[in-house]
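# Observations on the three-dimensional arrangement
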Amino acid sequence: MLDNVPEKAALSIESIESVTPGVTGAADDVAVCVVRCVEGTARLGMEFQHPASAAGPGTATPGFLLTAIEWYGKQVEQLDTVHSGKVTLTGTGVETLAKRDVLNSAPRH
């Protein structure tokens, strides 16, 4: 990453393997999805935003933390453009994810 240039990535959801609701107030929801990286390099710890079209006017767009990446059966730290892998996303609202959604990385705070 170049200084002062935030990393960008986009993940296209190919399928959703599981969605596990978290315990209210104690844990985030968890989704395991097969994705294709369609832009940039997705790295562990990056936050991704749900498509704005799914959020109603005046509502916040849910954010999901990329907590695991599996590529050909191995745990890896990043997924590069054009590669597919299985990822774990955590955050409130994972049940709103759908096949063909494209998640864009959010700027780091």
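Everything below is about the structure shown above.
Quick look at the structure, then. What you see is a predicted model; the values in this text were computed from it and never measured.

### Structural notes on the pattern of salt bridges
The tally for this structure, following the rule as stated, stands at 3 salt bridges. Between K86 and E17 there is a salt bridge whose closest N-O contact spans 3.1 Å. Taken as a pair, K86 in strand β7 (residues 84-90) and E17 in strand β1 (residues 9-20) lie far apart in primary sequence, 69 residues in all. We classify K86 as partly exposed; its relative accessible area is 28%.

### Side note on the pairing of strand β4 (residues 63-71)
In this sheet, β4 lies alongside strand β3 (residues 47-49) in antiparallel orientation, the contact comprising 3 bridges. Across the sheet, residue Q49 finds its bridge partner in β4, namely G63. As defined by bridge partners, β4 adjoins strand β5 (residues 74-76) across 3 bridges and the pair is classed as antiparallel. Of the residues in β5, the one forming a bridge with E70 is Q75.

### Comments concerning the pairing of β1
One face of the sheet, then the other: side chains in a regular strand alternate in exactly this way. In the sheet, β1 pairs with strand β2 (residues 30-43) via 10 bridges, with the strands oriented antiparallel. From the neighbouring strand, A9 faces β2, where its bridge partner is G40. As judged from the 3 bridges shared by β1 and strand β8 (residues 102-105), these two strands associate in the antiparallel manner. Along β8, the bridge assignment pairs S12 with V102.

### Section: the side chain of T88
Among the secondary structure elements, T88 is positioned in strand β7. Residues within four places of T88 in sequence aside, it is in contact with V30, A31, V32, L65, L66, T67 and A68.

### Remarks on the packing of aromatic side chains
Taken as a whole, this structure holds 1 aromatic pair when the rule is applied. When the centroid spacing of 5.0 Å and the interplanar angle of 80 degrees are considered together, the rings of W71 and Y72 count as edge-to-face. Using a relative accessible area of 74% as the deciding quantity, one classes Y72 as exposed.

### Let's talk about the environment of V94
Turning to its location among the elements, V94 is positioned in the loop between β7 and β8. The exposure class assigned to V94 is buried, which follows from its relative accessible area of 1%. Linking V94 and V32, residues 62 residues apart in sequence, is a C-alpha distance of 9.5 Å. When sequence neighbours within four positions are dropped, the list of residues in contact with V94 reads V19, D29, V30, A31, F64 and L89.

The rules behind the values
Residues numbered from 1 in each chain as written. Predicted model: local features only at pLDDT ≥ 70, side-chain atom pairs only at ≥ 80, totals over all residues. Heavy atoms only, no water. Salt bridge = Lys/Arg side-chain N within 4 Å of Asp/Glu carboxyl O. Helix = DSSP H or I, 4+ residues; strand = E, 2+ residues; numbered from the N terminus. Buried < 20%, exposed > 50% of the residue type's maximum accessible area, 1.4 Å probe, protein only. Pairing = 2+ DSSP bridges. Contact = heavy atoms within 4.5 Å. Phe/Tyr/Trp six-rings, centres within 6.5 Å; stacked < 30°, edge-to-face > 60°.

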